[in-house]
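Residue-level structure breakdown
So you can see what is in the structure, the chains are spelled out below.
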Amino acid sequence: MATKFVLIGSGLAGGLLAAYLGRRGYDVDLYERRGDPREGSMLEGRSINLALSTRGIHALKQIGIADEVLKHAIPMRGRMIHEKSGGLHFAPYDVDPNKHINSIGRAALNTTVIEAAQHFPNVRVHFNHKCTDVDLDSATAQLVDSSVVAGVSPASGNAIIEARGDAVIGVDGAFSTVRQSMQLKISNFQYDESYLAHGYKELTIPHGPNGSWQMEKNALHIWPRKSFMMIALPNPDGSFTCTLFWEFEGPRSFTTTKTDGDIRRFFDEEFPDAVPLMPNLLEDFKSNPTGSLVTIRCAPWFYQDKVCLVGDAAHAVVPFYGQGMNAAFEDCVVLDECLAEFPKDRHRAFKEYFDRRKVNADALADLALENFIEMRDKTASKTFRAKKKLDHLLEGFLSGIYLPLYTMVTFTRIPYANAARRARVQDCLVYAGLIGAAIFVVASILFLIHAIS
């Protein structure tokens, strides 16, 4: 009899992992608390578009759906910086113009990975099933089936079912029920949850006449404003999804900006070029939820051979490197590889997956936090732009030897921790070289002065 996996969460990584397991011949039941996204049941407050890059594309290629996904993507070749004065500055992501990240719709991507999973007859997807608890030792998930009995409370027991497998895998996001069960029942479980002082709110720039884009289509737009920022990603219908990252508290913050006048005044002062493109600004600002930004680190990600965590359930990160989804997809690749390496020892496969991914997930969490400072503050700096140009110059001159950090993270599959270490070494060498060159120039000038005198 085939090994049975119970997957909790059919978001992006859940659907992809179900496809990987289905391809291996495992018996898979995938449970999702929301309705079918193909019927418009998307998570309220979640971004409708994401940044897909090399790691995620590689994961999609392994099950043959990368080309289908990329048909719906919009290439973004660099950052378009919007200065407060109204000036624009384009900064390419890489010295190679063919390297770009891809703005992709969440709904289209989620649909594609779920349908890829359902292509395998040994994979079954159950929507409207909310996981409430997991028994770790028996690998049994307790779920409430809201599709069977609407409005029945869990206490009545009428809508509660149990899903038992050989293993349960939690792919149920940052506030994972599977992880919470592990926290309660594993005595040495380590858990850290930290929030930024900033929240986020989504806004919209609608399409122009005949579905045209009102700003540069092939760029990620950033309005850096020191302690806060707004970004915008293009959508296939000509619109842009904007996200304001702003302090929750303070003299100017989400908490203190409530009236129409306050909202309008803030945007007129900080984003004057965007306001004319946002006819629904006031309505969007007042009606759209304000989300929080959390980093979650935990260990271990597995319990014996019975339970395992994947994606945000194991390592939620803030979105400023555009790697959350890509890292979760890479989890699926690595877990699949480990299960293939140890087909008769699932406990060892889970442990090997954890050992390979934990250090890289922690490195990505740090990189994402650092990139928030870069995006909101440094992108507007001439010194920062000069450093980026130097990075591209060195990358072109020392092809294959020197790789900027952003290139390693976004356009290669170099492990995140290795990329971070390599970037630190490169920076030290570059700064040492610049100091050495400066000393040589000064010494040469002094020598010439002494010779002349």
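See the structure printed just above.
Residues numbered from 1 in each chain as written. Predicted model: local features only at pLDDT ≥ 70, side-chain atom pairs only at ≥ 80, totals over all residues. Heavy atoms only, no water.

1. Observations regarding the nonpolar core
Put simply, the rule reads: By nonpolar core is meant a set of buried Ala, Val, Leu, Ile, Met, Phe, Trp, Tyr and Cys residues that side-chain atoms within 4.5 Å join together. To sort residues, take the accessible area from a 1.4 Å probe on protein chains only and compare it with the maximum for the residue type: under 20% means buried, over 50% means exposed, and anything in between is partly exposed. Helical segments are the DSSP runs of H or I of at least four residues, strand segments are the runs of E of at least two, and each set is numbered from the N terminus. Any pair of residues with heavy atoms lying within 4.5 Å of one another is described as a contacting pair.
By size, the foremost hydrophobic cluster in this structure holds 77 residues, and its most contacted members are L7, L60 and I169. Sorting elements by how many residues they give to this core places helix α9 (residues 324-341) first, with nine residues. Each residue touching L7, except ones within four places of it in the same chain, is listed here: G14, L17, A18, L21, V28, D29, L30, Y31, I169 and V171. Counting 35 residues, the second-largest nonpolar core is a separate cluster that includes I231, V318, A363 and Y406.

2. Details of the pairing of strand β9 (residues 129-135)
Our working rule: A pair of strands counts as paired when DSSP detects no fewer than two bridges linking them.
The sheet contact formed by β9 and strand β10 (residues 140-145) spans six bridges and is antiparallel. Looking at β10, one finds that H129 is bridged to D145. If you look at the hairpin formed by β9 and β10, you'll find four residues sitting between the two strands, and A139 has a positive phi there, around 50°.

3. Concerning the sheet that holds strand β8 (residues 123-126)
What counts here: Axis geometry follows a simple rule: fit a line to the C-alpha atoms, using only the stretch in contact for helices, then measure angles between N-to-C directions, giving values from 0 to 180 degrees.
Taken in spatial order, the six strands make up an open sheet running β8-β2-β1-β12-β19-β18, and their pairing is mixed. Either end of the sheet is taken by a strand with one partner, and the two such strands are β8 and β18 (302-303). One ladder, built from four bridges, connects strand β1 (residues 4-8) with strand β12 (residues 167-170); its direction is parallel. Residue pairing in the sheet places I8 in a bridge with G170 of β12. Across the face of the sheet, helix α5 (residues 177-185) comes into contact with β1, β12, β18 and β19 (307-309) while running at roughly 120° to β19.

4. Overview of the environment of F5
Along the polypeptide, F5 turns up in strand β1. In sequence terms F5 and L21 are 16 residues apart; their C-alpha atoms lie 8.2 Å from each other. If we ignore the near neighbours within four places in the chain, the residues touching F5 are L21, Y26, D27, V28, D29, A167, I169, L339, R346 and F350.

5. Things to note about the sheet that holds β9
The three strands lie next to each other as β9-β10-β11, forming an open sheet whose pairing is antiparallel. Pairing within the sheet leaves two strands with one partner each, and these edge strands are β9 and β11 (160-164). Neighbour-to-neighbour, the strand axes of this sheet turn through a mean angle of 30°, independent of strand direction. As judged from the five bridges shared by β10 and β11, these two strands associate in the antiparallel manner.

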